[in-house]
Each structure stands twice: as structure tokens, then as C-alpha cells.
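Summary of the model geometry
The primary structure of each chain is shown beneath.
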Protein chains: 2
Amino acid sequence: MDHVEVPQLLGLLAAVLGIAKLLGAAAKWIGQPAVLGELLAGVLLGTSIAGLVNPDSQILHVLAELGVVILLFEIGLETDLRKLLQVGGTSAVVAIVGVALPFALGFAVCRGLGHSNLVAIVAGATLTATSVGITGRVLADLNRLQETESRIILGAAVIDDIIGLVILAVVAGLTQGQEVTVAGVATKTAVAFGFLIGTLVVGRLIVPPLVKVLSRIDLPGTPTILAIMLAFTLAWVASVAGSAMIIGAFAAGLLLRNTPHAPEIERGVAQLGHFFVPLFFVMVGAAVDVRVLNPLDPANHRVLLVGGLLILAAVIGKFGAGYAPFWFKGNKKVIGVGMIPRGEVGLIFAQMGLATGVFDAGMFAAATVMVLVTTFIAPPLLRMLFPPVHRSGPSPEPEGIEELVTEG
Amino acid sequence: MDHVEVPQLLGLLAAVLGIAKLLGAAAKWIGQPAVLGELLAGVLLGTSIAGLVNPDSQILHVLAELGVVILLFEIGLETDLRKLLQVGGTSAVVAIVGVALPFALGFAVCRGLGHSNLVAIVAGATLTATSVGITGRVLADLNRLQETESRIILGAAVIDDIIGLVILAVVAGLTQGQEVTVAGVATKTAVAFGFLIGTLVVGRLIVPPLVKVLSRIDLPGTPTILAIMLAFTLAWVASVAGSAMIIGAFAAGLLLRNTPHAPEIERGVAQLGHFFVPLFFVMVGAAVDVRVLNPLDPANHRVLLVGGLLILAAVIGKFGAGYAPFWFKGNKKVIGVGMIPRGEVGLIFAQMGLATGVFDAGMFAAATVMVLVTTFIAPPLLRMLFPPVHRSGPSPEPEGIEELVTEG
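Model, not experiment: these values are computed from the prediction.

**Focus: the overall build of chain A**
- Helix and strand counts for chain A stand at 17 helices and zero strands.
- A compact globule built from 408 residues should have a C-alpha radius of gyration of about 22 Å, and chain A, at 21 Å, falls within 12% of that.
- Taken across its 408 residues, chain A has 58% of its residues classed as buried.
- In chain A, once contacts between residues fewer than 6 apart in sequence are set aside, the share between residues at least 24 apart is 81%.
- Of the roughly 15700 Å² of accessible surface on chain A, a fraction of 66% belongs to carbon and sulfur atoms.
- Looking at charge distribution, chain A has the averaged site of its 23 positive side-chain charges lying 9 Å from that of its 26 negative ones.

Take a look at the structure:
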């Protein structure tokens, strides 16, 4: 990172937050999830239009990452682990089909267009992972996190995030000409899933008594800071263990949900979230170059053709995955649509493709078009299929408080 | 800045927050202000001991600066501008004497020890400015922000911060061999004070109606984010106008105190403060090298002698300033002691002296010893002279709410 002038950064943050909140409110006013406005703010402020937010800025990147970690922690805090596990099988099927089908379709599209095997594999991989941040945030904006469909989507998005990590490692190896062994892939997969399971099992035993002791520390804001510490620690451990930061943060939220301090933590962390989370969505928006959408520039025609076909593969693949658990009686459309947004995960794949030289500029642009469209169509589609529920007052107390309180 | 690994940063932040809060709670438990524990955490984690917190880390520096901006905003939010102006004359006298006396004593000490005029000027300048962050935080920890003495201290600290900026600019010019003109100094002084006065006059007219309109934006957390935006914007404008960021943030707090949303803003910003503010004090502590305090190392003897004399000059100078407003009937000792901590402001001067080659390593170390001691003795001394008041429940509503509410 270049030297950061703090005053300029403060001015920039004020402007970014202002525009993100304004467009978020505007989105809400026309009945859309607020996150749509924040993404749009990012596009407007980003490289391709205003040039005010540099998506390569290290400090903005760090603040945005803090944002997505806090967001996933908040979503975990609102998610009942038991109910999540009840739909675990359904989620797993949605996740696996939702990885395999888009990959196959994307691969076929690229081969059909005459690209090499390697390009087709990286393009297919770009289509695999849902952005759990965007989907989770949309469901939260719609007040729908407690529905069975939402739980299936979240579970599937978490699982396909882990699968996506494994694919990313494999594809990164392929692009560098490394040999890929079954044993290597199996180990990586086992570690990534093992971390989540191990954390939840061990955490269920350790976290509640630990919180009980530590929250006696007599300083204002202690439970919130303890919660943030747990979220950051598990995010770090997850990353070290070969899983993803946001999986660790999500696990921290799941673990704290059943402690007596959960409502206080939720209120405290929400204030941090109001500050950090929009920065994440603005940075996702800022990383997208919308100039490739200009149909008047002949150079964009091929990009738009390839991008259009990738969008079809991306949408059909995930929408189809929603129908994979044929036994599920709920709204399969909602699940399919909820899996569509690729967001920052898709961008990470595309950037890796570009950096390693597998993607040329055109292929990279086509992948960005796919990310842009899937990210922007999912919120309004979800909103249409899954209209917002208006709740008044604070969110309901998590279950299990009474028993824990009386235990103590 | 070097490339930042976000997961490692999250782990580091969790550790830093944990140790800062733990030592803060320990400090409180033995009857001391929590900030003392946070400073100590910084010393333990910093360069000279654990080496875990690098005081030159850009990202930690940025987060710490966000912390001090939020802290001064919070202090402004708890400060009644009218009552602050009522003691304005007293504050000004304390500030001016509290700049002139330490400067003169420091200059005399260094000349007496055989140093050049330039070294003596920079050393004198290092003694001039009180750390308003540390004093304000100690007064807040003691629940004493509403006392007349506290208001005089805060007013004087803000004024001497502005004077300190002018001195910093002058001294920076001197060290680079520039000529210093009376007109130049007068302009710089007028701009630095003019910013604060202008902001408060214009802000009193603009901010309340602006807040009224904008807080209708229907998004969770809107008043808090608007407040943060105002604080960041004024911090940036202050810096551009040649004043200090923290003065802008303080002004933002003063301006929002009399809006109907003040209590909500206070609660919301407090959550951000719990996260960011300790990072500032940890970074102040981390920048201090305590190895120069080791009396067994003969190389430190001269440093300890010069440092000891500078401490005397620093303490006598500020303590004497507390007695300058001879007409004031309150506790003059409290005012004098409240002005003692030099904190990060002293370090900035010392670092400038080192960077420009005016200070050798020994003189720099002596200045750090002075900063370390004045910073660490002030909180327990203040606590002794000004025992904490225990309030229960939320802080009282700011005045003027009713009239504003009924107006709307």
C-alpha cells in the first residue's frame, strides 16, 4: 500500500458511507434490498465511473474484509445451529449440484466457443461458488433469515464456499502446471470441512462457560468486544487451517447464539456492522468494470456474447440446483435464486485467471459481466419471490437462554 | 505499508483487544483509569518487549487514528459548548502558560546541558502540547467530564493542541533551515483557530436542521452513521484547513450534542469506540521504547539524566499553568495535573526531531522517557486528586432536547 493520508481517508470514508447509505435507502424506498444500493454505490464510485474508490487500495480492502467478517458473524448469530443441521442434507445436495452443474455448463460453453481445456476449467470454476455475503445480507434485508428456505440457502452457500476453496486451490495448481493428486484434493477437502465441524463441536463445550466467566469483566462493551475477539480469532484460525475467514466468523456467531449475552452482542455488533459492512459491498461493486457492457464499442461484442452465455450457465446451473432436493416441499425457486449471486467469490476466481495468464482480457471481462449480472439480478428476484416480512421491535430472544441462565 | 495478510491482522487485533481490555479491567480493579491498562498493554506488546505490535504498521496506525478521532468525537458529544465557552478565558490562560512555561524550562535545561539552540528549541517544543486524548479519556473513565475543572482542562488542551500545531509547523521550518516570519506564524495561528470558530458558528446553523432531515432515512443505524460521517468530514476539513483532525472531530461532537438524536448517537458511537479507541492507546504505548529506562546499561545514564530533567520541566511547567488563572476558585491542582500527559503529541515532536537529524538517538530517547513518564503518572495522580464518581444507568440526556423535539 502507498502511504495513507489519514485525513483524506476519513473524507473518503465519509463520502463512501454517505453515498452507500443514500442509495441503500433509495433501494429500500423502491422496495429493493438495501444491499443493492450499496453495490451500485460501489460501481458508481469505482474504477470504471467516478474513480474515487480504488479497488486495489489496501486499507479499503482491509476495512471491507473486516466488514464481511462482521457480516458473517452477524448472520451466524441469527442462525440456529440445530435448525441448520436439520436441513443439512438438503443443503449439501443443493451445494454439490450447485457446484457441479454450473461448472459443467460453463466448461461446455467455453469448449463450444473454441477455448482450451484450461480456460474452460477456470471459467467453469468461476461459476461454482455463491457469495454467501450477498445472499445472507439480502435475506437479512428481507427479514427472512429464519425461514427454512433461507437456512437451506445459507447452509448450501457455506458448503459451496468450502468446496470453492478446494476448487480454487486445485485450479491454482493447474494454472501453475502442477500435478493434481486425488490424495491432495481429499486432504484439502477434509481439512476445510474438518475445521468447521471441529470448531463447532469443541466450541459448544468451551465457548458458553468462557463467555460466562469473561463477561464478568467490568468494562463497558465487554460482551461485544469478546464476541468480536472470538469472531476474529476463529476467522484467523479458519484461514490458517485452510478454510475461509468468513466460515470462522460464521461459526463464532453460531456458537454465541445460545449464550445469555446474545441479544446485547447482537445490538453492539450491529453498530460495528453499520460502519464496516457497507464498505465490503462498495468494494465488491468498485471492482467491477461496467465499461465492458457498452454495446456500442465493437470490442465488447465478443465479451458480451461470452458473458451472456456464462450468465445463462451460471443462472441455470444454480437455479437447477434449487430443484435438486426433489423431496423438499418448500419454495424451490427461492433456493435456486438465492444461490445465484457470485459477488466477490467470482471476482477472486476471475482475477486469479487473469493474473496467471489463463484468461486474456476478454475472458476476464466476460467473467466480470457474469459476476455483475448474477450479483445484481439476485436481490430483486429474491425480493419478488420472497417478499420482505415486516417485524417491529427487537429480534426475538434466541432459544435456550432460560436454561442457561437458570443453570448459572 | 507492506502487503497485509487479513487473517493474521484479525488474529493480531483479537490479541491486542483482549490484552488491552484485560489490563484495562485490571487497572480499573485496582482503582485506576482503564486507559492506564491499555497504555501498558501497548508497552508490553510494542517494539521494546513482545514486538507483536509494530508502531510503524500503516494499517494499525490508520485504525488507531480512527480511534482517536472517534474518542474526541465522543468527548465533544459529552461536552456542553456553552459551559465550555463560559470557562474559555480560564482555559486560554492555562493553555498559553502551559505552552510557554514548559517550553522555557525545557529550553533552559537543554542549553544548560550544553546543547545547541536548535536542539533546545525542538526539545522545548516537545514539552508544549498536552495529549487531549489521554486527559479526556481519563476524565471520562473517572466519570468527571461534567465538572468545571474538566471543562477548563479540555478547553486548554484543545487550545494548546492548536498552538502545538503552529509550533510544529514553525519548528519543522526551523529544522529545515527555513526563515520564520511573524506574518507566516500569525496566518497559521489565525487559520487554525479560525477553523474551529468558523465550524462552530456555521455548524450551529446547519447541523441541527440537516440531522433532522437526514435522520428520516429509514435504515437501521442511520443517526450513528450520520454522526460518524460528520465527525470524519470535519476531521478531514480541519486537517485541510491547517488545524488538527481531532479538533474537527471534537467540533462535530459539540455540534451534535444538542440534537434530539444525541443519546442514540452516543450509544451507537460508543460501540465503535469500544473497538477503535483501545487501538489508539495501544499504539501510543507501543511506540515507546522502555529499554532506555534500564539503569544497568551505562549508555542509558545520560538519557536518564536528560530525561529526568525534561520530566521536571514538563511537570512543573504544566502544573504551574494550573495555578495561572489565580482568580479561579476550584481545584487548581486537578487542572495542573490534567495538563501533564504528553502522549502521542510529544512522540510526534520527538520523532520529527529525530527524522530531521536535530535530535541524536540519546536526545530522542530522553524525550521518549519524558513522554512515557508524563503519560503514565497523570492518570493515577488525577484519580487521586479527582476520585471517580459512580453513576448508574445511562448518561443524562443532553439539555435542550425537549425544546427541539417540540419544535419539530
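Right, picking up where we left off after that structure.
**A few points about the confidence of the model for chain A**
All names here are of chain A.
- Here chain A averages 88 in pLDDT, while 95% of its residues score no lower than 70.
- Within the model, the stretch residues 393-408 combines pLDDT values under 50 with 19 contacts to residues more than four positions away or in other chains.
- Two summary scores accompany this predicted model of the complex, namely pTM at 0.88 and ipTM at 0.86.

**Things to note about unusual backbone geometry**
Residue and element names in this part refer to chain A.
- In this structure, Asn143 takes a positive phi of about 60 degrees despite not being glycine.
- One can find Asn143 in the loop between helix 7 (132-141) and helix 8 (148-175).
- Classification of Asn143 by relative accessible area gives partly exposed; the value is 26%.

**Section: helix 8 (residues 148-175) of chain B**
Residue and element names in this part refer to chain B.
- Here helix 8 spans 39 Å end to end across 28 residues, near enough to the 40 Å set by a 1.5 Å rise per residue.
- Summarising burial for helix 8: 22 of the 28 residues are buried, a large majority.
- After helix 8 finishes, the residue Gly177 shows a positive phi value of roughly 75 degrees.

**Quick look at the side chain of Gln271 of chain B**
- Along the chain, Gln271 of chain B turns up in helix 12 (residues 262-286).
- Classification of Gln271 of chain B as buried rests on a relative accessible area of 18%.

**Let's talk about the nonpolar core**
- Counting residues in hydrophobic clusters, the biggest one holds 274 residues, and the most contacted among them are Phe73, Phe232 and Phe275 of chain A together with Phe73, Phe232 and Phe275 of chain B.
- Not counting the four nearest positions on each side in its chain, Phe232 of chain B is found in contact with Leu10, Gly11, Leu13, Ala14 and Phe275 of chain A together with Leu66, Val69 and Ile70 of chain B.

**Some details on the interface of chain B and chain A**
- Each partner contributes residues to the interface: chain B has 49 residues there, and chain A has 49 residues.
- Ranking the residues of chain B by area buried against chain A places Leu10, Leu219 and Ile225 of chain B at the top, with a combined share of 14%.
- In this assembly, chain B and chain A are joined by zero salt bridges.
- At the surface where chain B touches chain A, the tally comes to zero residue pairs in polar contact (both at pLDDT 80 or more).
- Looking at the side of chain B that touches chain A, the elements with two or more residues in it are helix 1 (6-29), helix 3 (58-77), helix 10 (222-240) and helix 12 of chain B.
- Examining the composition of the side of chain B that touches chain A, we find that 15 residues originate from one element, helix 1 of chain B, more than from any other.
- A breakdown of the residues in the side of chain B that touches chain A according to their chemical character gives 30 nonpolar, 14 polar and five charged.

**Describing the relation of the copies chain B and chain A**
- Under the fitted operation, chain B is carried onto chain A by 0.0 Å of movement along the axis and a turn of 180 degrees, and the coordinates agree to an RMSD of 0.0 Å. On this basis, the relationship between the two copies can be described by a two-fold rotation axis.
- A share of 100% of interface residues in chain B that are also interface residues in chain A marks the association as one of identical surfaces.

**Considering helix 9 (residues 182-214) of chain B**
Residues and elements named next belong to chain B.
- Over its 33 residues, helix 9 runs 44 Å from end to end, which matches the ideal 48 Å to within 8%, given 1.5 Å per residue.
- In helix 9, a bend of some 50 degrees at Gly203 exceeds every other bend along the element.
- Every buried residue of helix 9 is listed here: Ala192, Phe195, Leu196, Thr199, Leu200, Gly203, Val207 and Val211.
- Packed against the buried residues of helix 9 are helix 4 (81-86), helix 8, helix 10 and helix 11 (245-256).

**Structural notes on the packing of helix 13 (residues 299-323) of chain A against helix 16 (residues 361-385) of chain A**
All names here are of chain A.
- Contact geometry of helix 13 with helix 16 gives a least axis separation of 8 Å together with a crossing angle of 45 degrees. Taken together, the axes of helix 13 and helix 16 lie oblique to each other. The handedness of the crossing between helix 13 and helix 16 comes out as right-handed. Between helix 13 and helix 16, the residues in contact are Val303, Val306, Gly307, Leu310, Ile311, Ala314 and Val315 and Gly362, Met363, Ala365, Ala366, Ala367, Val369, Met370, Val373, Thr374 and Ile377, respectively.
- Here the contact of helix 13 with helix 16 is built from residues that sort into 14 nonpolar, three polar and no charged.

**Re the packing of helix 2 (residues 34-45) of chain B against helix 16 (residues 361-385) of chain B**
Residues and elements named next belong to chain B.
- Viewed as axis vectors pointing N to C, helix 2 and helix 16 meet at an angle of 150 degrees, and their least axial separation amounts to 10 Å. As the angle between them shows, helix 2 and helix 16 are arranged roughly antiparallel. In the crossing of helix 2 with helix 16, the sense of the turn from one axis to the other is left-handed. Residues Leu36, Leu39, Leu40 and Val43 of helix 2 lie in contact with helix 16, whose contacting residues are Leu372, Thr375, Phe376, Pro379 and Pro380.
- Its residues placed into classes, the contact of helix 2 with helix 16 shows eight nonpolar, one polar and no charged.

Thresholds applied
- In every chain, residue numbers begin from 1 and rise along the written sequence.
- Both sets of labels track the order of writing: A upward for chains, 1 upward for ligands.
- For this predicted model, a pLDDT threshold of at least 70 governs which residues receive local features, and a threshold of 80 or more governs which side-chain atom pairs are given and counted, while totals over whole chains, interfaces and linings are taken from all residues.
- Side-chain measures here rest on the full set of heavy atoms in the structure, leaving out hydrogens and waters.
- Secondary structure elements follow DSSP: runs of H or I of four or more residues count as helices, runs of E of two or more count as strands, with numbering from the N terminus.
- Throughout, radius of gyration means the C-alpha value; the globule benchmark is 2.2 Å times the number of residues raised to the power 0.38.
- Three labels apply to residues, based on accessible area from a 1.4 Å probe with only protein chains included: buried if under 20% of the type maximum, exposed if over 50%, partly exposed otherwise in between.
- Residue contacts are counted whenever heavy atoms from the two residues lie within 4.5 Å of one another.
- Per-residue accessibility takes into account occlusion by the displayed protein chains alone, with areas from the Shrake-Rupley method and a 1.4 Å probe.
- None of His or the chain ends enter the tally, which takes Lys and Arg as positive and Asp and Glu as negative.
- Positions of charges follow a simple convention, taking NZ of Lys, CZ of Arg, CG of Asp or CD of Glu.
- What pLDDT expresses is the predictor's confidence in each residue, scored from 0 to 100.
- In this scheme, a helix's expected span is set at 1.5 Å multiplied by one less than its residue total.
- The nonpolar core is taken to be a set of buried Ala, Val, Leu, Ile, Met, Phe, Trp, Tyr and Cys residues, with the residues joined through side-chain atoms within 4.5 Å.
- When two parts are put together, the accessible area they lose, computed with a 1.4 Å probe and summed over both, is reported as buried area.
- Within this document, salt bridges are pairs made up of a side-chain nitrogen of Lys or Arg and a carboxyl oxygen of Asp or Glu, the two lying within 4 Å of each other.
- Any pair of nitrogen or oxygen atoms within 3.5 Å is treated as a polar contact; in protein, a donor-acceptor pairing is required on top of that, and neighbouring residues in sequence qualify only through side-chain atoms on both sides.
- Here the nonpolar group is Ala, Val, Leu, Ile, Met, Phe, Trp, Tyr, Cys and Pro; Asp, Glu, Lys and Arg are the charged ones; every other residue, Gly included, is treated as polar.
- The superposition of copies rests on a least-squares fit of C-alpha positions from residues with pLDDT of 70 or more in both.
- The reported bend at a residue is simply the angle between two axes, fitted to the 7 residues ending at it and to the 7 residues beginning with it.
- Think of each axis as a best-fit line through the C-alpha atoms, taken over the contacting stretch in the case of a helix, with angles from 0 to 180 degrees between the N-to-C directions.
- In these notes the angle categories are as follows: under 35 degrees is roughly parallel, over 145 is roughly antiparallel, 65 to 115 is roughly perpendicular, and the rest is oblique.
- Left-handed is the label given to a crossing in which the near helix is rotated counterclockwise from the far helix by less than a right angle, and right-handed is the label when the rotation is clockwise.

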